[in-house]
2 protein chains.
Amino acid sequence: MLRLLPLLATAAAVWPAPKSISLSGASVKVQPGGAAFFKLNGTSPLLEAAFERYAGLVFPHRAAADGAALASLAVRVVDVAEGAPQLGDDESYALSIGATAATLEAATVWGALRGLETFSQLVSFDFDAGSYEAAAGAVEDAPRFPHRGLMIDTGRHFQPLASIFEVVDALPYAKINVLHWHLVDAQSFPFESKSMPELWRGAFSPRERYTQADVADVVERARLRGVRVIPEFDMPGHADSWCVGRPDLCPSETCASPLDVSKAATFDAISGLLDELAGGLFPDGFVHLGGDEVNTACWESTPSVAAWLKARNLTADGGYAHFVKTVADLAIAKKRRPVQWSEVWDHFKTDLPRDVVIHVWKSVTNVADVVAAGYDVIRNVGYDATSWYLDNLNVNSSAVYGNEPCDGIPADLCAAHVLGGHGEMWGETVDASDIDGTVWPRLGAIAEKLWSPEAATIPTPADMLPRLAEFRCRLNARGVRAAPVYNAEARSAPPGPGSCLKQRR
Amino acid sequence: MLRLLPLLATAAAVWPAPKSISLSGASVKVQPGGAAFFKLNGTSPLLEAAFERYAGLVFPHRAAADGAALASLAVRVVDVAEGAPQLGDDESYALSIGATAATLEAATVWGALRGLETFSQLVSFDFDAGSYEAAAGAVEDAPRFPHRGLMIDTGRHFQPLASIFEVVDALPYAKINVLHWHLVDAQSFPFESKSMPELWRGAFSPRERYTQADVADVVERARLRGVRVIPEFDMPGHADSWCVGRPDLCPSETCASPLDVSKAATFDAISGLLDELAGGLFPDGFVHLGGDEVNTACWESTPSVAAWLKARNLTADGGYAHFVKTVADLAIAKKRRPVQWSEVWDHFKTDLPRDVVIHVWKSVTNVADVVAAGYDVIRNVGYDATSWYLDNLNVNSSAVYGNEPCDGIPADLCAAHVLGGHGEMWGETVDASDIDGTVWPRLGAIAEKLWSPEAATIPTPADMLPRLAEFRCRLNARGVRAAPVYNAEARSAPPGPGSCLKQRR
C-alpha cells in the first residue's frame, strides 16, 4: 500500500510548527463526538461556536466508537472574556494528549482557538480501522509575531460575500489573525458609507457592493475566529472611484486623483467616514489609510489646488505631507492607530505622528531606519517582485518561505517594533474564481514564518515543502481550494494525475 | 451610476431559459424570511430542507421588510413522495408571482425543486432601497431532455468530500440532475468495497479514499437536490488500480490491464461489487460499466489468457465482447441498466443487450445508427476535441453552447432515444484547487442546451454570453468558484480589473 505519510499525525504534520512539540509516538483511539466532545470550564459563546466548527473538522467521517480511550478534550481558559481581538492578545496555549485524557489550557479564548486548531491537526482518521487516532504528547505554543495578516483587495474585483466568508474561515487553519481589507481602490468603491451614500455609486455595478450589515457580518465571522479586521481606505491616491459619487472631492473631472488636498470638504468627508468605521463597525484598534503611489501632478495642474498650495508656500510634496498627516491625526483623535504604506515614511519620516504604523513594501524603504526611529512596522516581507505580494505568481512557496521578517533589522529592534507581516493579495487578476488558489498555500508559508520560532524556519527545513503539501491537502479536505505546492507558478493547475501529497512538479 | 443590468430580474436573467416565461415588468416588494417563507400544502422532509437552503439563497442580505407586499411563496405539490430520483421523473412546474401572492405548483417534489431555483433567480436585492424585489409574471417550465449530467473523475485526482459536496450543491442551480461519478481509474481506486476491501489499497494514499458512509452522504446530498448519482467502474480497461489490491484479477504483474477475461474470479468479483452498488448504496437505476479504450494486447501476450481465448475460439476482440456483455448482463440481472461508452457499440453493435445505454463520445460512433437500432443514448455532445469534455479547456462557453444534442439524428429518434447529455470533467489536471473553474460556467451552457426548448437555443441567442455572465456572477455569489465567461481558455484568471458582469476578454 502507498503510505506516503503515516496515518498517525506526526509533529511535522502540525502547521505552522509550534514553539515546542513532543509526541511519544503512541496513538490514542478517540471517540468521535459533536461539540460536546469539548468540555469547557466555564461559559463562552465564542468557544461554543468554535467547538461546533472543530467537531466537524476533527471528525469528518462516520466512525465506530467502540474501544475508544479518549472521549473528550478538556478546555481550561483562565479568562473567557471575548470582545474583539486586538494586537497583542495572549494567543499562547498548552495542549496535552494522554492515554485517557486530553487537556487544552489557555489564558484567553484567543489562545484556546489556536490550541483547538493544533488539536485538530493531531487527530487523524484511520480508514482501515474506521476509527480516529490522536497522537499522544504535549505542545507548548505561542506566536513569534503578534500581527499575522492577509490583505484582500475588493477594489479591483468585487469579492462576493461568500468568497470573503470562505477566506475568513480558512485563516485560523494557519493561525493567521488579521484580515486587512483593502475595501476600495481607483476602480471601484463597493463599500456602503452611511455618511456619504453617494460614494457607493462608484461600485462596478449596483449589486457588486457591501452593505454595512454585510461588512458587520464579515467582522463578526472573523472575530469568532480570533481574526482582527483592519479596513483600508487608500488616500489620497488610488481614490478615483470616490469621484463617481463625490466629484467635489477630486481636483477636476479630467484629473481625478489624488483627492483634493485644498478643500476642507475632503477632510470633513474623511472624518465622517472614520467616524463610521470607528463607531462600532470596525472594532479593531488599527485603521489603514493607504498613502501609497501618490502622483501629485493633478494637484499642480488644477488651478484651484495649485493656488491653494502656493498660498501656503507648499510644494506638491508638502501638500502630500499635509494630507497624510492630517488624516493620521484624524484617526488618532478617533482612537485608531493609522497604518500607512512605505511611501509615507519615505517622504516624511519622523514628521509622522509616532503612532503611525509603517506598512513596508518597497526596497527603497530602509526598514532599519524606521524601527530605529521608534516606529512600529508591518512588513510585506521581501521586496518588490520577490515579496509576499501574493499577486507575484512567480514567487513560489519556497521563495515565500525564504523571506525573513527580521532581515536587515537588529534583533532587539525587530522584537520591539516589527509587529509582523502580511501576505497581500492585490486583486487585478483575482476574482471569486481564483482567490483561494492565489492566497493558498503560500499564505501558509507566510503564516509559519510569522508564527513559528525563528530557529525552526531558518534555514528552511528540508521537509518544509512536504509538510506544506500535507497542510495543503488538509486545506483541500476542508473545502479550501488551495493550489498545488510544487508548481513553479502559483495557482496553476496540477500538471498530471497524482496524489495531492505528491503532486508532480 | 453603472447599471450594467437592471436590479429587477428580467426573463433573460433566468438560466437555463424556461419553456415559457412572461414577466409584466412590474416588481413586487418581498418580505424576507427564513424557511417559513415557503408554505407547502403538505409534509415533505426533502422540500423542508430545500426551503432552508433557498431562504439563504433568496435572501442573502439583511433587509428592511416594511411595506412588503409578498411575504410567502405557496408551494403546491400533487404527490410529495420522494424516494430516490430516477430517469424520467416529472420535473415540470408552474410559477406565478403576482402583486400580493406567489404560487409554485408541481406534480412532484423534483418539479418543486426546479421551480424553487427559478423563483430564486427572479428575486433580487435592491441595494439602494435595502429591500428585495420579485419580478411579477408567470413561468411554465419542463426540461427538453430528462438526463442532464456532469461527470466527475476521482481516479486521476482524489477529490475530497468537501469538493464533491460543493459540486453537488451547485448542480441544481443549473437544473442539472445527474452526477456521473467516475469513481476509479488506472491511477487510483479510492472506493471502499466491502466485498473486496483489498481494492482500497489502490488509493493514492491511505487518506485519499471514500468510505461507503462518505459515498452514502454524497448520494443523499444529491438526492435532496433531485440529483441522481450514477457510479462508474470502468472495465475491463482503465482498471490498473484494481491490481494493487487484487493482482489475481489482472493478466500479470507486468501486464496489468485490461482485467483478466479468462478467470471466473474476475466476474465473481464484479458481481460482488455490483451487489454492493445495487444493494442500497446507489439507488439509481443506472450503473456505468465503462468499456472504453480497451487495449487487448495484454490478453494476447499473457499465456494463460491467450490459451483461454484460443480454447474458446475467440479473437481478442471476441474476448472484449464476452467481457462487456457478461458484465452488462450481470448489471441487468441486478436490476440496473448498464451504461457503456461508445467503443462498446462500435465493436459489438446490436449484439449488446437492448437495455444497454450507449454513452457516445467519439466521432467514429454513428449516433444515428445507434438510435435507429433502438438503443438509448447519452451524448457527450460534439466530438473529440470540440466536445463537452470539460478538460477540453480550449472549448469555450460559446463553442460548448454551439453543440446540439440532436445533431445528425432525425427528430423523432432523438426524442425517443437521446436521453440527454453530460459535461465530462476528466481529472488529469483537476484537483480540489480547480474543479469549480473547470466545471463552471461551461456546465451552465450545457445545462441550457439540455433543459431549454430547442428553439430558444438555436441559433445561439445574441445575449447568450451576457446571460451566462450573469449566471456566473450568481454562482460566484453563492460560493461557486466559476471562472470568467469571456476568456478564450476555460478556467483562466480574469485578465484585469473589472466587474464580474463585464469581465474583459
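Worth saying up front: this structure is predicted, and the values here are computed from it rather than measured.

Caption draft 1: Quick look at the overall build of chain A. A tally of regular secondary structure across chain A gives 17 helices and 15 strands. Here the C-alpha atoms of chain A give a radius of gyration of 24 Å, agreeing with the 23 Å that 2.2 N^0.38 yields for 505 residues. Here the C-alpha coordinates of chain A stretch approximately 85 × 45 × 45 Å along the principal axes. Residue burial in chain A is summarised as follows: out of 505 residues, 63% are buried. Across chain A, contacts joining residues at least 24 apart in sequence account for 72% of those joining residues at least 6 apart. Split by element, the accessible area of chain A, about 16,100 Å² in all, is 54% carbon and sulfur.

Caption draft 2: Representation of the relation of the copies chain B and chain A in the model. Between chain B and chain A, which share one sequence, the superposing operator has a rotation angle of 180 degrees and an axial displacement of 0.0 Å; the RMSD is 0.0 Å. What we have between these two chains is a two-fold relation. Across chain B, the rotation axis passes nearest the C-alpha of Asp 434 of chain B, at a separation of 4.2 Å. Comparing contact sets, 100% of the residues at the interface of chain B also lie at the interface in chain A, consistent with an isologous, same-surface contact.

Caption draft 3: Broad picture of the domain arrangement of chain A. All names here are of chain A. Taken as a whole, chain A is organised into domain 1 (4-141) and domain 2 (147-478). The interface is formed by 29 residues belonging to domain 1 together with 34 residues belonging to domain 2. Approximately 2,800 Å² of surface area, both sides summed, lies buried where domain 1 meets domain 2, with 56% of it carried by carbon and sulfur atoms. Contact with domain 2 buries area across many residues of domain 1, yet Trp 15, Leu 87 and Arg 114 alone supply 29% of it, more than any other trio. Applying the counting rule to domain 1 against domain 2 returns 3 salt bridges. We note a salt bridge from Glu 117 to Arg 478, for which the minimum N-O separation is 3.1 Å. Taken together, the connections running from domain 1 to domain 2 amount to 19 residue pairs in polar contact (both at pLDDT 80 or more). For the side of domain 1 that touches domain 2, the secondary-structure elements that each account for two or more residues are α1 (45-58) and α2 (109-122). Residue contributions to the side of domain 1 that touches domain 2 peak at 7 residues, all from α2.

Caption draft 4: Spotlight on α2 of chain A. Residue and element names in this part refer to chain A. Its 14 residues place the ends of α2 20 Å apart at the C-alpha level, agreeing with the 20 Å of an ideal helix rising 1.5 Å per residue. The buried fraction of α2 is high, at 14 of 14 residues. N-capping of α2 is provided by Thr 108, with a side-chain oxygen placed 3.2 Å from the backbone N of Trp 110.

Caption draft 5: Seen up close, the confidence of the model for chain A. On average, chain A scores 95 in pLDDT, and the residues at 70 or more come to 98%. Our summary of model confidence lists the complex with pTM equal to 0.96 and ipTM equal to 0.96.

Caption draft 6: Quick peek at the pairing of strand β7 (residues 131-141) of chain A. Residue and element names in this part refer to chain A. Burial analysis of β7 places 8 of its 11 residues in the buried class, which makes it a mostly covered element. Note: strand β1 (residues 20-30) against β7, 8 bridges, orientation antiparallel. Across the sheet, Lys 29 pairs through a bridge with Glu 133, a residue of β7. Bridge analysis of strand β4 (residues 93-97) against β7 gives 5 bridges, and the strand direction is antiparallel. Note on β7: the bridge partner recorded for Ser 96 is Ala 138. Both strand β6 (residues 123-126) and β7 contribute to a ladder of 4 bridges, which runs antiparallel. Bridge pairing in β7 places Val 123 opposite Ala 134. Linking β6 to β7, which pair antiparallel, is a turn of 4 residues; within it Gly 130 sits at a positive phi near 70 degrees.

Caption draft 7: Local environment of unusual backbone geometry. Residue Pro 16 of chain B follows Trp 15 of chain B across a cis peptide bond; omega there is -5 degrees. Inspection of the secondary structure assignment puts Pro 16 of chain B in the segment before β1 (20-30). In this chain, Ser 257 of chain B is followed by Pro 258 of chain B through a cis amide linkage whose omega measures 5 degrees. For Pro 258 of chain B, the position within the fold is in the loop between α5 (242-245) and α6 (264-281). Despite not being glycine, Lys 175 of chain A shows a phi value in the positive range, around 60 degrees.

Caption draft 8: Quick peek at the state of the cysteines. Residue and element names in this part refer to chain B. With the rule as written, the count across this model stands at 8 disulfides over all chains. With its sulfur 1.9 Å from that of its partner, Cys 406 forms a disulfide with Cys 414. As the torsion about the S-S bond is roughly -85 degrees, the Cys 406-Cys 414 disulfide counts as left-handed. Overall, the relative accessible area of 15% leaves Cys 406 in the buried class. In this structure Cys 414 comes out as buried when scored by relative accessible area, which is 0%.

Caption draft 9: Main features of the interface of chain B and chain A. Contacts between the two partners involve 62 residues from chain B and, on the opposite side, 62 residues from chain A. Counting the surface lost from both chain B and chain A, the interface buries some 5,000 Å², and carbon and sulfur atoms represent 53% of this. Ranking the residues of chain B by area buried against chain A places Phe 127, Arg 207 and Arg 481 of chain B at the top, with a combined share of 17%. The interface formed by chain B and chain A contains 12 salt bridges. The closest approach of N and O atoms between Glu 166 of chain A and Arg 481 of chain B, which form a salt bridge, is 2.9 Å.

Caption draft 10: Examining the packing of α1 of chain A against α2 of chain A more closely. Residues and elements named next belong to chain A. Packing of α1 against α2 brings their axes to within 10 Å, and their N-to-C directions diverge by 10 degrees. What the angle tells us is that α1 and α2 run roughly parallel. Touching Leu 46, Leu 47, Ala 50, Phe 51, Arg 53, Tyr 54 and Val 58 of α1 are Val 109, Trp 110, Ala 112, Leu 113, Leu 116, Glu 117, Phe 119 and Ser 120, all from α2. For the contact of α1 with α2, a count of residues per class yields 12 nonpolar, 1 polar and 2 charged.

Caption draft 11: Fine view of the pairing of strand β3 (residues 73-79) of chain B. All names here are of chain B. As judged from the 3 bridges shared by strand β2 (residues 38-40) and β3, these two strands associate in the parallel manner. What sits directly across from Lys 39, in β3, is Ala 74. Crossover handedness for the path β2 to helix α1 (residues 45-58) to β3: left-handed. Sheet topology note: the β3/strand β5 (residues 102-108) ladder contains 5 bridges and is parallel. Among the inter-strand pairings, Val 77 is bridged to a residue of β5, identified as Ala 106.

Caption draft 12: Local environment of helix α15 (residues 442-451) of chain B. In terms of residue burial, α15 of chain B counts as a mostly covered element, since 10 of its 10 residues are buried. Of all the positions in α15 of chain B, only Arg 442, Leu 443, Gly 444, Ala 445, Ile 446, Ala 447, Glu 448, Lys 449, Leu 450 and Trp 451 of chain B are classed as buried.

Caption draft 13: The environment of Ala 162 of chain A, seen in detail. Within the secondary structure layout, Ala 162 of chain A lies in helix α3 (residues 161-170). Measuring from C-alpha to C-alpha, the distance between Ala 162 of chain A and Ala 432 of chain A comes to 8.8 Å, with 270 residues separating the pair along the chain. Every residue in contact with Ala 162 of chain A, bar those within four places of it in the chain, is listed here: Asn 476, Ala 477, Arg 478 and Gly 479 of chain B.

Caption draft 14: Spotlight on the packing of aromatic side chains. According to the stated counting rule, one finds 46 aromatic pairs over all chains in the structure shown. The interplanar angle of 55 degrees and the centroid separation of 6.4 Å between the aromatic rings of Trp 15 of chain B and Tyr 401 of chain B together place this pair among those described as tilted. Here Trp 15 of chain B, found in the segment before β1, pairs with Tyr 401 of chain B, found in helix α12 (residues 397-402); they are 386 residues apart in sequence, far enough to count as distant. One exposure class covers both Trp 15 of chain B and Tyr 401 of chain B, and it is buried. Cluster of aromatic residues (ring-pair linked, three or more members): Phe 37, Phe 38, Phe 51, Phe 59, Phe 119, Phe 125, Phe 127 and Tyr 132 of chain A together with Trp 200 of chain B. For the cation-ring pair, Arg 478 of chain A lies above Tyr 173 of chain A, with the distance from its terminal atom to the ring centre recorded as 4.5 Å. When the ring centre of Trp 451 of chain B is taken as origin, the NZ or CZ atom of Lys 175 of chain B, which lies over that ring, is 5.7 Å away.

The rules we used
- Residues numbered from 1 in each chain as written.
- Chains lettered and ligands numbered in written order.
- Predicted model: local features only at pLDDT ≥ 70, side-chain atom pairs only at ≥ 80, totals over all residues.
- Heavy atoms only, no water.
- Helix = DSSP H or I, 4+ residues; strand = E, 2+ residues; numbered from the N terminus.
- Rg over C-alpha atoms; globule rule 2.2 N^0.38 Å.
- Buried < 20%, exposed > 50% of the residue type's maximum accessible area, 1.4 Å probe, protein only.
- Contact = heavy atoms within 4.5 Å.
- Areas by Shrake-Rupley, 256 points an atom, 1.4 Å probe, with all protein chains shown as cover.
- Least-squares fit on C-alpha atoms with pLDDT ≥ 70 in both.
- Domains from an automatic or database assignment.
- Buried area = accessible area lost by both parts, 1.4 Å probe.
- Salt bridge = Lys/Arg side-chain N within 4 Å of Asp/Glu carboxyl O.
- Polar contact = N/O pair within 3.5 Å; in protein donor to acceptor, adjacent residues only side chain to side chain.
- Expected span 1.5 Å × (residues − 1).
- pLDDT = per-residue confidence, 0-100.
- Pairing = 2+ DSSP bridges.
- Disulfide = S-S within 2.5 Å.
- Axes fitted to C-alpha atoms, helices over the stretch in contact; angles between N-to-C directions.
- Parallel < 35°, antiparallel > 145°, perpendicular 65-115°, else oblique.
- Nonpolar A, V, L, I, M, F, W, Y, C, P; charged D, E, K, R; others polar.
- Right-handed = clockwise from strand over helix to strand, strands pointing away.
- Phe/Tyr/Trp six-rings, centres within 6.5 Å; stacked < 30°, edge-to-face > 60°.
- Lys NZ or Arg CZ within 6 Å of the ring centre and 35° of its normal.

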